[in-house]
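Each chain is listed here by its residues.
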Amino acid sequence: AQRVTQPEKLLSVFKGAPVELKCNYSYSGSPELFWYVQYSRQRLQLLLRHISRESIKGFTADLNKGETSFHLKKPFAQEEDSAMYYCALTGTGFQKLVFGTGTRLLVSP
Amino acid sequence: DARVTQTPRHKVTEMGQEVTMRCQPILGHNTVFWYRQTMMQGLELLAYFRNRAPLDDSGMPKDRFSAEMPDATLATLKIQPSEPRDSAVYFCASGLAQQNGYTFGSGTRLTVV
């Protein structure tokens, strides 16, 4: 079965510190991976798609098929980055979007 | 910016009442998802549709929940009868191609008392 694991429920850092939110997935086929962000009581917003290899708001994520990981990174965290971050998986063999349990990022001044 | 529109934004109802939540997907999107978000369970997939046909509703309690797409511009999620444990935020999302990701609505916050 397809599965996404985000091992950290909460990640607390100071402003300006580097951030890495971990995501590991389980899927034997060709994965499509995403990061979504949810600011307080708002909708989930698509942050990154692995296929586009883009950088949004200073965040990047690289798909490592060998380690089945798609960790989200930012070199210098900002207070406005405080939010819930969800890693999500879909794939050519199945249609639905499977989410991890999310990591709350708290950036303190 | 195209948006997925969900109504109502908030709903408070008494146990046993019927609840209907509506979603207007982005025009042209052929895939629609319903998710439920709670503190305890996180994001749970309830059902999803492609080209208006239900593909998977295994995450939905069948005895009380039903999901439909009467046309390409409307998806509905009904709960009858509602129970306090149904209290959650219900999100709708739509998309066209898997690799592009999906766009979420603002959600319906349901409270059943």
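Let me begin by describing the structure that accompanies this report. Computed from a predicted structure; not experimentally measured. (Residues numbered from 1 in each chain as written. Chains lettered and ligands numbered in written order. Predicted model: local features only at pLDDT ≥ 70, side-chain atom pairs only at ≥ 80, totals over all residues. Heavy atoms only, no water.)

**Here we look at the nonpolar core**
Nonpolar side chains tend toward joint burial in soluble globular proteins. Residues and elements named next belong to chain A. Applied cut-off: We call a set of buried residues a nonpolar core when its members are Ala, Val, Leu, Ile, Met, Phe, Trp, Tyr or Cys and they connect through side-chain atoms within 4.5 Å of each other. Residue burial is assigned from relative accessible area. The probe radius is 1.4 Å, only protein chains are included, and a residue is buried under 20% of its type maximum, exposed over 50%, and partly exposed in between. Strands here mean DSSP runs of E at least two residues long; helices mean DSSP runs of H or I at least four residues long; both are numbered from the N terminus. Contacts are assigned to residue pairs that have any heavy atoms within 4.5 Å of one another.
Trp35, Leu47, Leu72 and Tyr85 are the most contacted members of the largest nonpolar core, which has 26 residues in total. At the level of elements, strand E2 (10-14), strand E3 (19-21), strand E5 (31-38), strand E6 (44-49), strand E9 (83-91) and strand E11 (103-108) are the ones that each hand at least two residues to this core. Beyond its immediate sequence surroundings of up to four residues, Tyr85 is in contact with Gln6, Leu21, Trp35, Tyr36, Val37, Leu47, Phe59, Leu72, Gly102, Thr103 and Leu105.

**Describing the packing of aromatic side chains**
Our working definition: Think of it this way: a Phe, Tyr or Trp ring, Trp meaning its six-membered ring, pairs with another when their centres are within 6.5 Å, and the plane angle makes it stacked under 30 degrees, edge-to-face over 60, tilted otherwise.
According to the stated counting rule, one finds twelve aromatic pairs over all chains in the structure shown. Judged by centre distance (6.3 Å) and plane angle (75°), the ring pair of B:Phe91 and B:Phe104 falls under edge-to-face. Placement of B:Phe91 in strand E9 (residues 88-95) and of B:Phe104 in strand E10 (residues 103-104) is noted, with a sequence separation of 13 residues between them. Here the aromatic cluster, defined as three or more aromatic residues joined through ring pairs, consists of A:Phe34, A:Tyr36, A:Tyr86, A:Phe99, B:Phe33, B:Tyr35, B:Tyr48, B:Phe91, B:Tyr102 and B:Phe104.

**Details of the sheet that holds strand E3 (residues 19-24) of chain B**
Residues and elements named next belong to chain B. Note the threshold: Strands are labelled as partners when DSSP assigns at least two bridges between them. Axis geometry follows a simple rule: fit a line to the C-alpha atoms, using only the stretch in contact for helices, then measure angles between N-to-C directions, giving values from 0 to 180 degrees.
Ordered by their spatial adjacency, four strands build an open sheet running E1-E3-E8-E7, and the pairing between neighbours is antiparallel. Edge positions in the sheet fall to strand E1 (5-7) and strand E7 (65-71), since each has one partner strand and no second. Going from strand to strand, the sheet's axes swing by 20° on average, the running direction of each strand aside. As defined by bridge partners, E3 adjoins strand E8 (residues 74-79) across five bridges and the pair is classed as antiparallel. Within E8, the residue paired with Val19 across the bridge is Ile79.

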